[in-house]
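# Coordinate inspection notes
Read off the chains here:
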Amino acid sequence: MQEEMRRYSAKLREAGNLPIEARVGVNTGEAVVRSIATGEGHAEYTPIGHSTSLAARMQTLAPTGSTAVTDATRKLCEGYFTFKPLGPTRVKGVHDPVNVHEVTGLGPLRTRLQRAAGRGFTKFVGRQAEMEALARAGAQARAGRGQIVAAVAEPGVGKSRLFYEFKVKNQSGWMVLEAFSVSHGKASAYLPVIDLLHGYFRITGDDDSRMRREKVMGRLLALDRSLEDALPYLFGLLGLVEDSDPLVQMGAQMRRRRTLDAIKRIVLRESLNQPLMLMFEDLHWIDDETQALLNLLADSIGTAKVLLMVNYRPQYTHSWGRKTYYTRLRLDPLGQENADEMLSALVGDGPELVPLRRLVLERTEGNPFFIEELVQALFDEGVLIRNGAVKVTTSLSQLKIPPTVQAILTSRIDRLPPDEKELLQTLAVIGREFPLGLIRAVTGSPDDRLEPMLSHLQLGEFVYELPAFPDVEYTFKHALTQEVAYNSVLMERRKLLHERAGEGIEALFAEQLDDHLNELAHHYGHSPNIVKAVKYLQLAGQQAAQRLAYDEAVSHLTSGLELLASLPDNPGRARRELELQLSLVESLRWTKSLGSPETRRALIRARELCGQVGESTELFAVLMGLQGHHQMRLDLEPARELGEQLLALAEGANEPAKLMFAHAALGLFFLSAASSLPPATISSRPVLALIGGRATLSSLFTLSTRALALGRCGRSVMRTRRLRGAARRSL
Ligand SMILES: Nc1ncnc2c1ncn2[C@@H]1O[C@H](COP(=O)(O)OP(=O)(O)OP(=O)(O)O)[C@@H](O)[C@H]1O
Ligand SMILES: [Mg+2]
């Protein structure tokens, strides 16, 4: 762009006009685009977010006539472009200085596969059937029965790699010509064809116009002098016309037809010398002219030694399907075995890598590009390190989607019609799987509107239907698609959709809410309805504890407590908090132990809350917990005080169960205190007086533990005396 601008400016200057110069700033990151109706049915789009303001900042930093990019952009484009560092710069709103780079020109890379090659290809796995199909088509083409082979698959599944492997295996005896399309290529006529011709005529970026003309002429005439009349068309196409264009008088249609015909003749003539492998990548991006050339070639190679290999993503269609010499290869993501093999090559087989490998497989579902990128991102972020063998350094829970993968998924979602995109986003908020009834409840749309959209989303392989009874159920085909769609929903709308999903579940499963507590806690937890969020987090937490899933219980209850804090402070809130804190203590004693600081914090807060609520039933339980806590930590004074408080409470209430617990607590205290308290303390009160006349089981427990404690004291006093005596004797 800048080069074009410079050329154009030079022309302006020559004509005595003022030149034009542009400063461009680029950044890469997530942005949300809001549409604003401007009246008369028009809408304007405003991107919002940090990524865009950083791009704007780059623009102000770019030297005039140049393009400045952030480090994030440079990382993604390295190799496709060349850069010069402009150094770190402070940017408002960003903590660390941002590294700025100036774009200095085009780099050597054109495709993602070439870039992957730079990183070193992952060992090629699977795809035997496809390789065999290609080999068969190759053999036919060699024998003069031209073939077209199309590889069709979603991005990253391995179309280009398959072609590459086939090309490498079949290099000898073939002439290989390749053409690449680029995502912005639809608007640039002939881009892949020009690419192909540059390859054929061995034209490089450094060749000037004269050199280029010579190369084209030399090679064409050496091929066949009778092709000389094709030269003006080639020069025209390659931008090599000198002073006067001999074709200037010709109508555009005629000129186009003859240009295409010229290329076809070169291809067919060249295939007489040796078989020709023509590869056209990424047809979903091609322009109309290149498409016209492909149609022409497809019609004419049936009896030539030409193997025309094309690949594209499923949204693209063409008209060669009925030809007898056409083969379509549909590539699926790698199966479990091949994906495993690929991961072994990437990270190794160590037993400690099993959870990591499982996680990567789950998230990527066999898409080799996603596998590579996810593993690379883990290395980049330091989660994985290669130190001889690969090691996992931190928790895997924070696995982020790499921007390269995100870009692919986002662009697929963005291509959907607006109402389907909105539906997909809503589905993403509902979850990975969802029954039709719930979709109905959340969207409020009638079936005759929903069903065509859902079937289109199925055709596009975003979601698929699960066999379910009695309701139809859908699931996201790809966990990552769901995540990206979810992240693309604006926060406010997201909250609203979560609330509607919660309400939908409540209505739909009113009879079996217990089976849906986790989902309800999740949806209300992300909605503006905090009261319901707390309610379901508490219920989900208690259910998890019943199932002995204490970690999960702690996480639900802690989230519930955090949300509760944002509600107005009143007795109702205090009561709810007390319940949550008590449930939390019950789970914490398993995940952390009764003696842990976390448990103490919860207990102390619960004691405060009992004061506020004025409840003694819970107070007894809280004090029991606290007494046990101090007892475990051998904080003897508080343990004793709390034990006596418990006994006083129990006596006041005159409840046998409480009495038993209080005695048991005191009894345990005496037992643990025996070795550290002087015997006098233990026997200071007449034991029988303590329990009065009521010789219950619990008081007997206190009694017996006191006796045991006294016995221990006695023994240790004796032992000390004996030792002292022995020591004296030995002196
Ligand atoms: N069978 C395979 N074994 C090992 N690695 C593979 C395999 N298939 C693909 N890959 C790797 O996965 C990455 C993506 O593959 P590739 O570029 O061929 O995908 P694609 O289908 O052409 O995607 P796009 O539609 O975006 O062009 C590449 O780095 C490639 O090396
Ligand atoms: Mg490709």
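Up top you'll find the structure we're talking about.
Residues numbered from 1 in each chain as written. Chains lettered and ligands numbered in written order. Predicted model: local features only at pLDDT ≥ 70, side-chain atom pairs only at ≥ 80, totals over all residues. Heavy atoms only, no water.

### Structural notes on the overall build of the protein chain
Note the cut-off: Put simply, DSSP H or I for four residues or longer makes a helix, DSSP E for two residues or longer makes a strand, and each gets a number counted from the N terminus. Classification of residues uses two cut-offs on accessible area relative to the type maximum, computed with a 1.4 Å probe and protein chains only: under 20% is buried, over 50% is exposed, and between them is partly exposed. Note on areas: these come from Shrake-Rupley sampling with a 1.4 Å probe, and a residue is covered only by the protein chains present in the view.
Of regular secondary structure, the protein chain possesses 31 helices and 16 strands. For the protein chain, the proportion of its 731 residues judged to be buried stands at 44%. Just so you have it, the protein chain exposes about 38000 Å², and 54% of that area is on carbon and sulfur atoms.

### Overview of the site of ligand 1
Convention followed: To be near a molecule or strand, a residue needs just one of its heavy atoms within 4 Å of it. In protein, a polar contact requires one atom able to donate a hydrogen and another able to accept it; more generally it is a pair of N or O atoms within 3.5 Å, and residues adjacent in sequence count only if both atoms are side-chain atoms. Just so you know the grouping, Ala, Val, Leu, Ile, Met, Phe, Trp, Tyr, Cys and Pro go in nonpolar, Asp, Glu, Lys and Arg go in charged, and all remaining residues, Gly too, go in polar. Boundary definitions for the domains trace back to an automatic or database domain assignment.
In the neighbourhood of ligand 1, 22 residues make up the surrounding shell, with Gly156, Lys159, Arg161, Arg313 and Glu372 lying closest. In the environment of ligand 1, a nitrogen atom lies 2.8 Å from a nitrogen or oxygen atom belonging to the backbone of valine 125. One of the side-chain nitrogen or oxygen atoms of glutamate 372 is found 2.5 Å away from an oxygen atom of ligand 1. When contributions to the shell around ligand 1 are tallied by element, the ones reaching two or more residues are helix H4 (112-119), helix H6 (159-169) and helix H14 (368-380). Tallied by class, residues from the shell around ligand 1 come to 10 nonpolar, 3 polar and 9 charged. Mapped onto the domain boundaries, the shell around ligand 1 takes at least three residues apiece from domain 2 (112-330) and domain 3 (336-389).

### Focus on the pattern of salt bridges
What counts is decided by this rule: One side-chain nitrogen of Lys or Arg within 4 Å of one carboxyl oxygen of Asp or Glu is enough to make a salt bridge.
Across all of its chains, the model carries 31 salt bridges by this definition. Linking lysine 264 and aspartate 261 is a salt bridge whose minimum nitrogen-to-oxygen distance equals 3.7 Å. In this pair, lysine 264 and aspartate 261 are both assigned in helix H10 (residues 252-273), 3 residues apart and thus about one turn of the helix distant. As a salt-bridge pair, arginine 576 and glutamate 579 come within 3.7 Å of each other at their nearest N and O atoms. On the criterion of helical spacing, the pair formed by arginine 576 and glutamate 579 is a turn pair, its members being 3 residues apart in helix H24 (residues 571-591). With a relative accessible area of 27%, arginine 576 lands in the partly exposed category. The structure contains a network of salt bridges with shared partners spanning Asp71, Arg74 and Glu78.

### Considering unusual backbone geometry
Look at arginine 202: it is not a glycine, yet its phi comes out positive at around 55°. With respect to the helices, strands and loops of the structure, arginine 202 is situated in the loop between helix H7 (191-200) and helix H8 (209-223). A relative accessible area of 56% places arginine 202 in the exposed class. Look at glutamate 365: it is not a glycine, yet its phi comes out positive at around 50°. Turning to its location among the elements, glutamate 365 is positioned in the loop between helix H13 (354-364) and H14. The exposure class of glutamate 365 is partly exposed, given its relative accessible area of 27%.

### Re the packing of aromatic side chains
Counted only if it meets this: For this analysis, a ring pair means two rings from Phe, Tyr or Trp (six-membered ring only for Trp) whose centres lie within 6.5 Å, classed as stacked if their planes differ by under 30 degrees, edge-to-face if by over 60, and tilted for the remaining angles. Remark: a charge is flagged as sitting over a ring if the NZ atom of Lys or the CZ atom of Arg is within 6 Å of the ring centre and within 35 degrees of the ring normal.
One pass over the full model with this rule turns up 8 aromatic pairs. Ring geometry for tyrosine 524 and tyrosine 536: centres 5.7 Å apart, planes at 10°, overall stacked. On the criterion of sequence distance, the pair formed by tyrosine 524 in helix H21 (residues 517-525) and tyrosine 536 in helix H22 (residues 530-546) is long-range, its members being 12 residues apart. Each member of the pair, tyrosine 524 as well as tyrosine 536, carries the same accessibility label: buried. Taken together, the ring pairs connect Phe434, Tyr474 and Phe476 into an aromatic cluster. Over the ring of phenylalanine 462 we find arginine 412, and its NZ or CZ is 4.2 Å from the ring centre.

### Some words on empty space enclosed by the protein
We count it as follows: Cavity and pocket criteria rest on a 1 Å grid covering protein atoms alone: a 1.4 Å probe that fits but cannot get out defines a cavity, protein on both sides within 12 Å along at least 5 of 7 lines defines an open pocket, and an atom within 4 Å of a point defines a lining residue. Grid points are joined across faces, edges and corners, and a volume is the space filled by probe spheres set on the points.
Taken as a whole, this structure holds 2 cavities of 30 Å³ or more when the rule is applied. Taken together, Leu177, Leu196, Leu197, Tyr200, Ile263, Ile266, Val267, Glu270 and Leu276 form the lining of the largest cavity. Listing elements by their share of the lining of the largest cavity, those giving two or more residues are H7 and H10. Top contributing element to the lining of the largest cavity by residue count: H10, with 4 residues. Looking at the lining of the largest cavity residue by residue, the class counts come to 8 nonpolar, no polar and 1 charged.

### A short note on the packing of H24 against helix H25 (residues 597-613)
As a reminder, the rule being used: Helix axes use the C-alpha atoms of the stretch in contact, all axes being lines fitted to C-alpha atoms, and the angles between their N-to-C directions lie in the range 0 to 180 degrees. Oblique is the label for any angle not covered by the other classes, which are roughly parallel (under 35 degrees), roughly antiparallel (over 145) and roughly perpendicular (65 to 115). Each crossing gets its hand from how the near helix is turned against the far one by less than a right angle, where anticlockwise is left-handed and clockwise is right-handed. In what follows, residue pairs with any heavy atoms lying within 4.5 Å of each other are defined as contacts.
Contact pair H24 / H25: the axes reach a minimum separation of 9 Å and the direction vectors enclose 155°. Accordingly, the angle class assigned to the pair H24 and H25 is roughly antiparallel. Two packed elements cross with a definite hand, and for H24 against H25 that hand is left-handed. On the side of H24, the interface is formed by Ala574, Arg575, Glu577, Leu578, Gln581, Leu584, Val585 and Leu588, while H25 contributes Glu598, Thr599, Ala602, Leu603, Arg605, Ala606, Leu609, Cys610, Gln612 and Val613. Looking at the contact of H24 with H25 residue by residue, the classes come out as 11 nonpolar, 3 polar and 4 charged.

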